[in-house]
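A look at the structure
The residues making up each chain are set out below.
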Amino acid sequence: MSQAKAHISAPVAAARWRVRAGRCARMLLALWLVAAALFYGAVYLLPYPAAWRQPYPPGTCVVDSEGQTLVALVNPHDQWHFPVGSEQLSPWLKQAIVAVEDRRFYQHHGVDWQAVAAGMWQNAAGGAIRRGASTLTMQLQRLRDPRSRSWLSKLDQAIRAQQIELTMDKNAIVSEYLNRAPFGGNLVGAQAAALRYFGKPCSRLSLAQAALLAGLPQSPARLRPDRHPAAALARRHHVLECMVQCGMIDQAQMLEADREPLDAVWRNAPQMALEPGALPPLLDWAQRYRGFNVRLSLQSSLQNQCAAALRQACAALGRNVEGAVVLLDNSDGRVLAAAVNNAAQHAPRNWLAARRSTGSLLKPFIYGQAFANGLCGPQSIVQDAPQKWNDYAPGNFDQQFLGELTASEALAASRNLPALRLLASVGLEANVAFLRRCGLESLESGQRYGLSLAVGGAEATIMEIASAYAMLGRQGMGCRLIDVLRVNSAAPVYAAGGTRLLETQVARQVIAALSQPQRLEAICPTLGKRQFAWKTGTSSAQRDAWAAAFSLHYTLVVWMGIERGAGDAQLIGAYAAAPAALRLLDAIDRDMATFPLPREQAVLTAPPGRRAPALVCPTEGEVFVLVRSRPLAEQRITLEAQAAGPLWWFVDGQLLEKRERPGPLLLEPSPGDHQVTVVDELGHAASARFRVVSAPAEFTSSAQPFP
């Protein structure tokens, strides 16, 4: 009987087992369906916080027009972070990070369920966590929203990873991960790591370098190559093996990459070696565009060249003299160089934004308006004679009046009274409005300045002055200055063209007056064959010396000055700023192209019967020898010129004496190189350089060509 019962119960037990197994399977299926429904419900119903999509705060990288890094700054967290677009990330690096971190990246949709199942089985079998299942997308989510590791945070990362994959393609996910991942120290992102470790942008990484960087995010501190080279090399080899297993490279490529030496060292911040004066404007640009990658219109070579020339010119005048220089491309208004010189006792200051007294710099625009309005022409006679406007009784810089002059001569000689009369005729407000259109946007109303607008009553920045003179260099066509070509990956900020502000013929008439050959020869005799138009300015207290020079191709403006306090007798535009500006422009513009000037004014000469002064003594390059045994009073040098009327004699830029009539003048000698200049009452000048030596031995050695 018992045997029969056992025989009967076995099938019943099996059936019961099958029933129970079926129930368990259905329950598991139901639980899986519920879990899946809850998971995907969360994926589609939970909002993704907009704050997580915000880019990580970047550092600032300023590059020149050719892409060379000029200056770089850390982000607000003191981290080096320079995010770049997908096209600027090394293809090797993209492949390597996928191979080592998530080889099924292109097969899943944010969560690799196959890896999850395998990881759960291995972890359960081993009794400990031995294998993770984080995908690159989940790791990106953890970088966006860092939080402590737990099962709950893992679940949230999985949900958010699925949401990320619904809105981003795979390439964008890899790119953002590589831009956010840590690479050791205060390096965030592959671009910062490539620049710091290898001194090159991420786009130029070799296979071995890409494999090295791809291995760092797993443990940046432990694998940092400049501190733990052995661990970094072992990790690089592991990454290369993963790439072989994924079919991304072959065995030969792996062996070749393995043989590449480890060249990762901690390099300085990525920026060029610049002249000190070239740096303050760049730092201002960097602060203005903090958190962006900025491409400037500057050319590094010209930036350094201008900064060096300005520093030398200021140093020659004294250590308290500061300065600024701006170089523009006349074709489109691009700023090619912008540098400053700071006195030793001051903190670096960007003088490009400082508003300073303009001196006589605005006179060409007053004459341009007068020519355009038909109030006078280049050959019209104007009066350089005393005149009083209410309580305002101005004079000239030399305290003299020359009487009748042509308008061109008055402009070339920068006589004050003719300019003031023309300003009164054109109208203050009309002139201010015109100057604003030329680029002097910070000017206030005409009533604020009165007629002193023509002689330094107004203030402007060097950038504004450069913009206005570029209009003349463009023969009447205004332009907007372009200093920034591109911000991040936005469309280029570049627009040539402009509005015509002066008729071409009128602009050429002004240029003709400012480009008389004898004016250039008086300041820089060696540049006599160049056709540069230029104008100087000096503030009344001699705290500001200006020179604006332009050719067909370039406009260059130099300002030298003293920030506060008393002025300096050397700060005269014609003798402090003009030589520096003209020589620098000559060094930069090697093209001998000339302005197409009006025929009747191609060369302006002295009126009939009046010739420009000619130096008789000293002659160019003459050497004078001092005999030590004789008193200096017996060895004075004779200065003499052929000219008519009053003469002003200058030695090394300093007024020596004014003579009412031509005749010899005696100069007490001092050893060294000197320059003598004689100027007549019409502003025509002659100049010569000479040398004084103090012994026959020195005289013998000085028989070389005069510099």
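Details of the structure are given in the entry above.
A short tour of the structure in this document, coming up. (Residues numbered from 1 in each chain as written. Predicted model: local features only at pLDDT ≥ 70, side-chain atom pairs only at ≥ 80, totals over all residues. Heavy atoms only, no water.)

**As for a positive patch on the surface**
Defined as follows: Residues form patches when they are more than 30% accessible in relative terms and have no salt bridge. Like charges link within 9 Å. Nonpolar side chains (Val, Leu, Ile, Met, Phe, Trp, Tyr) link within 5 Å. The protein chains shown are the only cover counted for residues, whose accessible areas, like all others here, come from Shrake-Rupley with a 1.4 Å probe. Salt bridges are defined as contacts in which a side-chain nitrogen from Lys or Arg sits within 4 Å of a carboxyl oxygen from Asp or Glu. Counted as positive: Lys and Arg. Counted as negative: Asp and Glu, with His and the chain ends omitted from the count. For the purpose of locating charges, the reference atoms are NZ of Lys, CZ of Arg, CG of Asp and CD of Glu. Each helix is a run of DSSP H or I of at least 4 residues and each strand a run of E of at least 2, with the numbering of both proceeding from the N terminus. We call a residue buried when its accessible area falls under 20% of the maximum for its residue type, exposed when it is over 50%, and partly exposed in between, using a 1.4 Å probe and counting protein chains only.
Taken together, R16, R20, R23 and R26 make up a surface patch of like positive charges. Within the fold, R20 resides in helix α1 (residues 2-45). Judged by relative accessible area, R20 falls into the exposed class, the value being 52%.

**A look at the packing of aromatic side chains**
For clarity, the threshold we go by: Centres within 6.5 Å are what make two rings of Phe, Tyr or Trp a pair, Trp counting through its six-membered ring; a difference in plane orientation under 30 degrees is then read as stacked, over 60 as edge-to-face, and the rest as tilted. Lysine and arginine charges are scored as sitting over a ring when NZ or CZ, respectively, is within 6 Å of the ring centre and within 35 degrees of the ring normal.
Considering all chains together, one arrives at ten aromatic pairs under this definition. With a centroid separation of 4.8 Å and 25° between ring planes, the pair formed by Y575 and F650 is classed as stacked. With Y575 in helix α23 (residues 573-588) and F650 in strand β17 (residues 647-651), this residue pair connects regions lying 75 residues apart in the sequence. Here Y575 falls in the partly exposed class, since its relative accessible area comes to 23%. Taken together, the ring pairs connect F365, Y469, F550 and F595 into an aromatic cluster. The ring of W266 carries the charged tip of R224 above its face, separated from the ring centre by 4.6 Å.

**Some points on the pattern of salt bridges**
Taken as a whole and assessed by the stated rule, the structure comprises 22 salt bridges. With a shortest N-O distance of 2.9 Å, K170 and E165 are connected by a salt bridge. In this pair, the class of K170 matches that of E165, namely buried. Ionic pairing is found between R448 and E444, a salt bridge with its closest N-O pair at 3.4 Å.

**Thoughts on empty space enclosed by the protein**
Our working rule: The way it works is a 1 Å grid over only the protein atoms, where trapped points that fit a 1.4 Å probe form a cavity and open points with protein on both sides within 12 Å along at least five of seven lines form a pocket, and then any residue with an atom within 4 Å of a point lines it. Grid points are joined across faces, edges and corners, and a volume is the space filled by probe spheres set on the points. Nonpolar residues are Ala, Val, Leu, Ile, Met, Phe, Trp, Tyr, Cys and Pro. Charged residues are Asp, Glu, Lys and Arg, and all others, Gly as well, are polar.
The full count for this structure, using the stated rule, is three cavities of 30 Å³ or more. Put simply, the largest cavity is a space of about 40 Å³. Among the residues making up the lining of the largest cavity, the classes are represented as three nonpolar, three polar and four charged.

**Concerning the nonpolar core**
Note the threshold: Among buried residues, the Ala, Val, Leu, Ile, Met, Phe, Trp, Tyr and Cys ones that are joined through side-chain atoms within 4.5 Å form a nonpolar core.
M560 and L582 are the most contacted members of the largest nonpolar core, which totals 124 residues. The element that contributes the greatest number of residues to this core is α23, accounting for ten residues. A72, L89, L195 and L213 belong to the second-largest nonpolar core, a separate cluster that totals 55 residues.

**Overview of helix α5 (residues 136-144)**
Rules: Contact definition: two residues touch when any of their heavy atoms are within 4.5 Å.
Counting buried positions along α5 gives seven out of nine residues, so the element sits mostly inside the fold. Residues of α5 that are buried include every one of L136, T137, M138, Q139, L140, Q141 and R144, and no others. Here the buried face of α5 lies against α2 (50-53), α3 (91-101), α6 (151-167) and α7 (170-180).

**Focus on the sheet that holds strand β14 (residues 614-617)**
Sheet strands pair via backbone hydrogen bonds, and the direction of the pair is either parallel or antiparallel. This is how the line gets drawn: Strands are labelled as partners when DSSP assigns at least two bridges between them. Only the stretch in contact is used when a helix axis is fitted, and all axes are lines through C-alpha atoms; the angle between N-to-C directions ranges over 0 to 180 degrees.
Taken in spatial order, the three strands line up as β14-β16-β19 in an open sheet, and their pairing is antiparallel. The open sheet has two edge strands, β14 and β19 (665-667), and neither has a second partner. Strand-to-strand, the axes of this sheet are offset by a mean angle of 35°, without reference to chain direction. Pairing of β14 with strand β16 (residues 637-642) involves three bridges; the strand directions are antiparallel. Each residue of the ladder has a partner; that of A614, found in β16, is Q642.

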